[in-house]
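Take a look at the letters that make up each chain.
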Amino acid sequence: MKNVASVIVDVPAMQTDRTYDYLVPDEWLGSISPGMRVAVPFGPRKIQGFVMELKEKGEVSKLKPIHEPMDLVPVLNEELLSLGNWLTEKTLSFKISAFQAMLPAAMKAKYEKYFQLETTAEHVDLPESLIPFFKKGSEVPWKVIEQAGLLPVIQPLVNKGIIDVIYKVKAKGNKKTVRHLKLNVSGTRLQEVIEGLPPQANKQKEVLQYMNSLGDPGKAFLTNELIEGAETTSSTIKALVKKGILIEKSVEVYRDPFENRVFEKTTPLTLTDQQREAILPILETIEDTLHRTFLLYGVTGSGKTEIYLQSIQRVLEKGKEAIVLVPEISLTPQMVHRFKGRFGNDVAVLHSGLSVGEKYDEWRKIQRKEVKVVVGARSAIFAPFENLGIIIIDEEHETSYKQEENPRYHARDVAVKRAETHRCPVILGSATPSLESFARASKGVYHLLTLNKRMNDGDLPAVSIVDMREELRSGNRSMFSQELFDKLQTRIEKGEQTVLFLNRRGHSSFIMCRDCGFVVQCPNCDISLTYHRFSNGMKCHYCGYEEHVPNTCPECESEHIRYFGTGTQKVEEELNKLLPGARIIRMDVDTTSRKGSHEKLLNAFGEGKADILLGTQMIAKGLDFPNITLVGVLSADTMLHLPDFRAAEKTFQLLTQVSGRAGRHKLPGEVVIQTYTPEHYSIELASEHDYDRFYSQEMMMRKMGNYPPFYYITLITLSHEDLMQVVSIAERLSGFIRSRLSQSTIILGPSASPIPRIKNRYRYQCLIKYKREPNLASTLKTVLDQFQQQYASQGLSISIDVNPYVMM
DNA sequence: AGCACGCCGACT
DNA sequence: GTCGGCGTGCTC
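Residues numbered from 1 in each chain as written. Chains lettered and ligands numbered in written order. Predicted model: local features only at pLDDT ≥ 70, side-chain atom pairs only at ≥ 80, totals over all residues. Heavy atoms only, no water.

Participant: Quick question: what am I supposed to make of the packing of helix α10 (residues 273–287) against helix α11 (residues 304–317) here?
Facilitator: Packed helix pairs are specified by the crossing angle of their axes together with the interaxial distance, meaning the distance between the axes. Running from amino to carboxyl end, α10 crosses α11 at an angle of 25 degrees, the nearest separation of the two axes being 10 Å. Judged by the inter-axis angle, α10 sits roughly parallel to α11. Helix-helix and strand crossings are classified by hand; for α10 and α11 the assignment is right-handed. Packed against α10, whose contacting residues are Gln275, Ala278, Ile279, Ile282, Leu283, Ile286 and Glu287, the element α11 presents Glu306, Ile307, Gln310, Ser311, Arg314 and Val315 at the interface. For the contact of α10 with α11, the per-class residue count stands at 7 nonpolar, 3 polar and 3 charged. (Axes fitted to C-alpha atoms, helices over the stretch in contact; angles between N-to-C directions. Helix = DSSP H or I, 4+ residues; strand = E, 2+ residues; numbered from the N terminus. Parallel < 35°, antiparallel > 145°, perpendicular 65-115°, else oblique. Left-handed = near helix turned anticlockwise from the far one by under 90°. Contact = heavy atoms within 4.5 Å. Nonpolar A, V, L, I, M, F, W, Y, C, P; charged D, E, K, R; others polar.)

Participant: Looking at this structure, I do not really get the protein's contact with DNA strand C. What am I missing?
Facilitator: Not every one of the 13 residues close to DNA strand C is listed here, only the nearest: Arg18, Asp21, Phe42, Gly43 and Lys64. One of the side-chain nitrogen or oxygen atoms of Tyr22 is found 3.4 Å away from a phosphate oxygen of DNA strand C. Gly43 has a polar backbone atom sitting 2.9 Å from a sugar or linking oxygen of DNA strand C. Among the secondary structure elements, those contributing two or more residues to the surface near DNA strand C are β2 (19–23) and β3 (37–42). By residue number, the principal contributor to the surface near DNA strand C is β2, which donates 3 residues. Its residues assigned to classes, the surface near DNA strand C shows 6 nonpolar, 3 polar and 4 charged. (Near = heavy atom within 4 Å. Polar contact = N/O pair within 3.5 Å; in protein donor to acceptor, adjacent residues only side chain to side chain.)

Participant: How should the nonpolar core be read in this particular structure?
Facilitator: In summary, soluble globular proteins display a tendency toward joint burial of nonpolar side chains. One finds Leu76, Ile323, Val374, Ile381 and Leu613 to be the most contacted residues of the largest nonpolar core, which totals 87 residues. Dropping the residues within four chain positions of it, Ile323 is found in contact with Val374, Ala380, Ile381, Ala383, Phe385, Leu388, Ile390, Ile391, Ile392 and Arg418. Ile312, Val315, Phe343 and Val375 belong to the second-largest nonpolar core, a separate cluster that totals 30 residues. (Core = buried A, V, L, I, M, F, W, Y, C linked by side-chain atoms within 4.5 Å. Buried < 20%, exposed > 50% of the residue type's maximum accessible area, 1.4 Å probe, protein only.)

Participant: Quick question: what am I supposed to make of the protein's contact with DNA strand B here?
Facilitator: Contacts to DNA strand B come from Val11, Pro12, Ala13, Pro44, Arg45, Lys113 and Tyr167. A distance of 3.4 Å separates a phosphate oxygen of DNA strand B from a polar atom in the side chain of Lys113. Tyr167 has a polar side-chain atom sitting 3.3 Å from a phosphate oxygen of DNA strand B. For the surface near DNA strand B, a count of residues per class yields 5 nonpolar, no polar and 2 charged.

Participant: Hey, could you run me through the side chain of Arg378 in this one?
Facilitator: With respect to the helices and strands, the residue Arg378 is situated in the loop between β16 (373–376) and β17 (388–393). Residues contacting Arg378, with those up to four places away along its chain left out, are Leu325, Ser400, Tyr401, Lys402, Gln403, Tyr409 and Ala411.

Participant: Hey, could you run me through the environment of Tyr210 in this one?
Facilitator: With respect to the helices and strands, the residue Tyr210 is situated in helix α7 (residues 202–213). Separated by 62 residues in sequence, Tyr210 and Thr272 have C-alpha atoms that sit 58 Å apart. Sequence-distant contacts of Tyr210, that is, excluding residues within four places in its chain, are made with Phe221, Leu226, Gly229 and Ala230.

Participant: Honestly, the confidence of the model for chain A in this entry has me stumped. Any pointers?
Facilitator: Note: predicted coordinates in regions of low pLDDT should not be interpreted at a detailed level. Of the residues in chain A, 92% have a pLDDT of 70 or more, and the chain-wide mean is 86. Ranking the elements of chain A by mean pLDDT puts helix α19 (residues 589–592) last with 68 and helix α14 (residues 411–422) first with 98. (pLDDT = per-residue confidence, 0-100.)

Participant: Would you mind going over the packing of aromatic side chains with me for this structure?
Facilitator: Two numbers describe a pair of aromatic rings. These are the distance of the centres and the angle of the planes. One pass over the full model with this rule turns up 14 aromatic pairs. Taken together, a centroid distance of 5.5 Å and an interplanar angle of 85 degrees make the contact between Tyr297 and Phe438 edge-to-face. Highlighted residues: Tyr297 in strand β13 (residues 293–298) and Phe438 in helix α15 (residues 435–442), separated in sequence by 141 residues. No difference in accessibility class separates Tyr297 from Phe438, as the two residues are buried. Note on Phe438 and Tyr691: the rings are 5.0 Å apart at their centroids and 70 degrees apart in plane angle, and the pair reads as edge-to-face. One end of the pair, Phe438, is in helix α15; the other, Tyr691, is in helix α23 (residues 691–705), and 253 residues separate them in sequence. (Phe/Tyr/Trp six-rings, centres within 6.5 Å; stacked < 30°, edge-to-face > 60°.)

Participant: Sorry if this is basic, but what is going on with the sheet that holds strand β33 (residues 761–770) here?
Facilitator: To summarise the sheet geometry, strands pair through backbone hydrogen bonds and adopt either a parallel or an antiparallel arrangement. Reading across the sheet, the 4 strands line up as β32-β33-β31-β34 and stay open at both edges, with antiparallel pairing between neighbours. One side of each edge strand has no neighbouring strand; the edge strands of this open sheet are β32 (746–758) and β34 (797–802). Along the sheet, successive strands turn relative to each other by an average axial angle of 20 degrees, direction set aside. Direction of pairing for strand β31 (residues 712–720) relative to β34: antiparallel, over a ladder of 6 bridges. In the strand pairing of β34, Thr717 is matched with Ser799. (Pairing = 2+ DSSP bridges.)

Participant: Sorry, what's going on with the pattern of salt bridges here?
Facilitator: Pairs can form between side chains of opposite charge whenever their charged atoms are close. The tally for this structure, following the rule as stated, stands at 34 salt bridges. Between Glu317 and Arg314 there is a salt bridge, and its shortest N-O distance comes to 3.7 Å. Of this pair, Glu317 and Arg314 are both found in helix α11, 3 residues apart, which corresponds to roughly one turn of the helix. A residue is classified by how much of its surface remains accessible, and Glu317, at 57% relative accessible area, is exposed. With a shortest N-O distance of 2.7 Å, Arg702 and Glu649 are connected by a salt bridge. Here Glu649 lies in helix α21 (residues 647–659) and Arg702 lies in helix α23, a separation of 53 residues in the sequence. One salt-bridge network, held together by shared partners, links Glu287, Arg314, Glu317 and Lys318. (Salt bridge = Lys/Arg side-chain N within 4 Å of Asp/Glu carboxyl O.)

Below is the structure:
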């Protein structure tokens, strides 16, 4: 009899990253299976865990029983369980973190401690101060006692066993339910029942008649529905329930984030010759149930989405399911519309704009096989489909597909892994593919599909580069070049729309003294504080530290202290000054933080309610309005100077992306790029829409620098409160790694991280570059084992990022 | 991660 | 002599 369950417990630590065995109590036998969440005792606590397998015998003799199951059906199927193990190995994360990453946040357990009065001790005299708390029941949350400052009072009682500490595992409030009411008597007996009611119960009789009059007697009513329909009150209904004539039942309902929204049904468009050529190999792969990865390289406006849609169509016809990944912010309403328009209610949407509860509901639809297509951000790659027919990753080059916390996975890798198991195609789509993917396509690892014509046969917009140094020399100190300003003005006169793009990354406003150059820094982190207008304060991006803007320079007491950098607000102000009549919509974190505001602003712009759309990264993609004829990039080079070997690639991608917003329809588009480094190849080639040349140029740079795609990289970051400690540990660590890895592997460092201190912890890092390193995984595991165990107690922490995208 | 168990300083 | 500091080690 398999009545022992091995369980991964919810304790993300090196020492607990393994299974623990528990007894399955008889009452749950048969109803607990692998992939379910269970509440288990762990030491004195009670915590959540995932059942990995059922077996006959435990590893140890004394097994504790499972406290209770937390699911009726497994939340992780066999595929996802093994995917979790794979993920753990690839990313060197804890198993529990991998499993949790695959589920909606609502499924992460919450823990609460309670004080409980021993039942046998009920008549014991409690200290007076405690009596009010235990008056209502024998359980009181730990927090309540703590806040009342009574922990010292209660402690001795706990020691004496008069009061126990109990631990509860709480599922976060997730299921939303409504009450359904049904008749409990058959239609034929109903008249009898009505007649049997007391004569004064007129209202009750009416309700029953009403329910009877509406067709089949088994029909369920919502409470509200019934109250309205039968013109009655809840007390009447309660009475009927009490008499057992009506039965009441809680039924799970979904919160529908797209409630009351009609999606116009669309039908497949006729493909262009080029599109037909591109889709053919995909359809063949679907037909033959093969795994293949395609790189769909198509210029903006070339109709990639239609290829996705028609490929999915074929997959659905074969009775299979599809996952579509889109970048976090660009999970634009427009994208959702296109999918919902084509596939209607077969689509679930999973993205960060949804509440925890809404995400849970969408996930449940997938689990219950109520949908066939999921459109979502990174984590949607774990959608619990069992019969996957295709995985699509749109804007494949986007870095948001890499998770920057444990498990540090890349959705692209997971996609390929899942597609292998399901024997289905993966489509990576982009107008500016990542170097990694394009290199793979060139080597034939991926199959390259090219769309180099725009669907409307329109030309790509003309791009002009403005050298801002020249502007400065000729006396223009504003943030708009003459050219951009002129063009902006013409658009407004003609009633056409402009998108102004401000790249704020690495350019956030900081406070600087103009006399001595002093920059206000965070006391805990080695980074300058960011100016926030609404609070007139300065905030640290990394630790949240906040202080007021000083009136005088703390260093030289000069009063010439002001903020630098260009925020969207500042641009807006200047625009208002220069073009008083222009209507501007500003999109940044401040204006889009409220739910749905992102969409609202975009809609307003689409409806022509503004002349200028001003924003940061978030407006770079998805935006597709016919009246946009001008795109301005205020400073193209801000991210070029970040300590990141992908800086040029990111700049090129962003500029290309932004330029693609102009002239997508009938009107021709123009793009103005302002920069201080016009000669940089990423800017120059972006202006010429020349991906191929950019690719070969950048490949050369990567080759010279021994960076991906020529080398794989892994970044190890150590942090510690004590500078001397990190340095010496980092030295030992790099020595150890060097001794274990092959000769051809390059190990850089240890050196201070680009941000050498965060939250008062000093940070050192080692960068490993390798082509083939079979020992890497085992070496890194050993590193974690030895160093973490050795140093965790002394406050050291180690983070390992395989294929990092953020080097800070 | 928590939590208990266990061994050394400043207090009734 | 005890209360309590947090180092060490375990949790099926």
